[in-house]
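Results of the structural survey
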There are 2 protein chains.
Amino acid sequence: MDLVAIYQCLCDRTRLRILHLLLSGPLCVCHFQDVLREPQVKVSKHLRYLRENGLVEAERCANMMIYRLPAKPSAQLKANLACLQDCVREEKVFREDAARLKKLRDGFGPDTPTCVREPAKACC
Amino acid sequence: MDLVAIYQCLCDRTRLRILHLLLSGPLCVCHFQDVLREPQVKVSKHLRYLRENGLVEAERCANMMIYRLPAKPSAQLKANLACLQDCVREEKVFREDAARLKKLRDGFGPDTPTCVREPAKACC
DNA sequence: TTGTTATATACCGATAAGGGAATATACCTC
DNA sequence: GAGGTATATTCCCTTATCGGTATATAACAA
């Protein structure tokens, strides 16, 4: 995995949003769908892309997949994720995503997805 | 110019090499050709891409074009260029480029291009 | 003017990227 | 087993990217 591959992962807005969310902790696919408000295929394909390039790791838990940032990121990846975290502050989309994620995590009514209402059961 | 556009510029190896060279100062196109050992079209087109996205600035000087990093880079760009400078250390291509550029700048025989032998005349 | 050097552009082909619709797989529950 | 939920994959289309060959432009020099 070289530097170019990292930037190739970072050069799509959806993937940036995904990585930004992961900076605050592991998430399952339905979280992403809900927070990003993007269709399941789209999310799934971008996650696959990130995974194939070593930018995220995945683990099955019951019938859902939990995605997280690599436990041992390379120096290059670490540097770029830190840089990303600085840069996203300036853009609205990312702040909105963060706000929606917070809402989900805080728990909001009976219509929020199971994996959010019952994190223990959903392993995340 | 948003974050995605920056990463789109960074996700090609030739453009990374160009930006890396620019981190050590302005250069004209023939420098790039020589150091990168890439054909003129290729260099020119990547420079155009970078310019259109605000990652480099250009100025004509006599019959050559001098490219440089923006005088007033955005916070996002500044952060990413700093990150880039850290990351390139790990990869051979960049070190080799730097070595070739140094050779050129130190002046090497009568077969080096005019714009390198006579920097004053070439405004760089 | 003509020629020369430096750089840019147009055009073409090959490949990759990104998105959606439909379908498949994996796991759970009953 | 059947049915449900969560996620992945396949197929198809559209558009972007990258590279090369050939040609055009800009500025200088004689």
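Whatever comes next refers back to the structure up there.
Each chain has its residues counted from 1, following the order in which its sequence is written. Chains carry letters from A onward and ligands carry numbers from 1 onward, assigned in written order. Thresholds applied to this predicted model are a pLDDT of at least 70 for local features of residues and 80 or more for the giving and counting of side-chain atom pairs; totals over whole chains, interfaces and linings are not thresholded and use all residues. To obtain the side-chain values, all non-hydrogen atoms of the structure were used and water was disregarded.

Residues and elements named next belong to chain B. Taken together, the 5 bridges between strand β2 (residues 57-61) and strand β3 (residues 64-68) define a ladder with antiparallel strand orientation. By the bridge assignment for β3, Cys-61 is matched with Met-64. Pairing between strands is defined by DSSP: at least two bridges between the two strands are required. Helix and strand assignments follow DSSP, with helices taken as H or I runs no shorter than four residues and strands as E runs no shorter than two, numbered in order from the N terminus. In textbook terms, the turn of a hairpin is the stretch between consecutive antiparallel strands, and for β2 and β3 this stretch comprises 2 residues, one of which, Ala-62, has a positive phi near 55°.

Let us look at the protein's contact with DNA strand D. A cutoff of 4 Å decides nearness: a residue is near a molecule or strand if any of its heavy atoms lies inside that distance of it. Around DNA strand D there are 23 residues in total, and Gln-40 and Tyr-67 of chain A together with Arg-15, Lys-45 and His-46 of chain B lie nearest to it. Backbone sugar and phosphate groups make up 61% of those atoms of DNA strand D lying within 4 Å of the protein. In the analysis that follows, any N or O atom pair within 3.5 Å is treated as a polar contact, provided that within protein one partner can donate a hydrogen and the other can accept it, and provided that, for residues neighboring in sequence, both atoms belong to side chains. At 3.3 Å from a phosphate oxygen of DNA strand D is found a main-chain nitrogen or oxygen belonging to Val-29 of chain A. At the level of elements, α3 (29-37), α4 (40-52) and β3 (64-68) of chain A together with α4 (40-52) of chain B are the ones that each hand at least two residues to the surface near DNA strand D.

Size of an interface: often given as the accessible area lost when the parts come together. Note on definitions: a residue-residue contact is assigned when non-hydrogen atoms from the two residues lie within 4.5 Å. Counting residues at the interface gives 20 residues for chain A, matched by 20 residues for chain B. In this description, buried area is defined as the sum, over both parts, of the accessible area (probe of 1.4 Å) that is lost when the two are combined. Interface area, chain A with chain B, both sides summed: about 1800 Å², of which 64% is carbon and sulfur. Here, a salt bridge means any side-chain nitrogen of Lys or Arg that lies within 4 Å of a carboxyl oxygen of Asp or Glu. For the interface between chain A and chain B, the tally reads 2 salt bridges. Of the charged contacts, one joins Asp-2 of chain B and Arg-13 of chain A as a salt bridge, the two residues approaching to 2.2 Å between their closest N and O atoms.

Ring geometry is summarised as follows: Phe, Tyr and Trp rings, the Trp one being its six-membered ring, pair when their centres sit within 6.5 Å, and such pairs are stacked at plane angles under 30 degrees, edge-to-face over 60 and tilted between the two. Going through the model one piece at a time under the given rule, you end up with 1 aromatic pair over all chains. Both a distance and an angle decide whether a charge sits over a ring: NZ of Lys or CZ of Arg must be within 6 Å of the ring centre and within 35 degrees of the ring normal. The residue whose ring lies beneath Arg-15 of chain A is Tyr-49 of chain A, and the NZ or CZ to ring-centre distance is 4.0 Å.

After a rotation of 180° and a shift along the axis of 0.0 Å, chain A superposes on chain B with an RMSD of 0.0 Å. Such a turn and shift between the copies fits a two-fold axis. Minimal C-alpha separation from the rotation axis in chain A is found for Tyr-7 of chain A, amounting to 2.9 Å. Comparing interface residues between copies, 100% of those in chain A also lie at the interface in chain B; the contact surface is shared. Alignment of the copies relies on least squares applied to C-alpha atoms, considering only residues that score at least 70 for pLDDT in both.

What follows is about the packing of α3 of chain A against helix α6 (residues 92-106) of chain A. All names here are of chain A. Note on geometry: axes are C-alpha line fits, over the in-contact stretch for helices, and angles between N-to-C directions span 0 to 180 degrees. Packing of α3 against α6 leaves a shortest axis separation of 8 Å and a crossing angle of 130°. Taken together, the axis directions place α3 and α6 in an arrangement best described as oblique. Crossing angle aside, the handedness with which α3 passes α6 is right-handed. Facing His-31, Asp-34, Val-35, Leu-36 and Arg-37 of α3, the residues of α6 in contact are Asp-97, Arg-100, Leu-101 and Leu-104. Residues that form the contact of α3 with α6 fall into these classes: 4 nonpolar, 1 polar and 4 charged. For classification, angles of less than 35 degrees are called roughly parallel, those exceeding 145 degrees roughly antiparallel, those between 65 and 115 degrees roughly perpendicular, and all remaining angles oblique. Left-handed describes a crossing in which the near helix is turned anticlockwise from the far one by less than a right angle; the clockwise case is right-handed. Any residue that is not Ala, Val, Leu, Ile, Met, Phe, Trp, Tyr, Cys, Pro, Asp, Glu, Lys or Arg is counted as polar, Gly included; the first ten are nonpolar and the last four charged.

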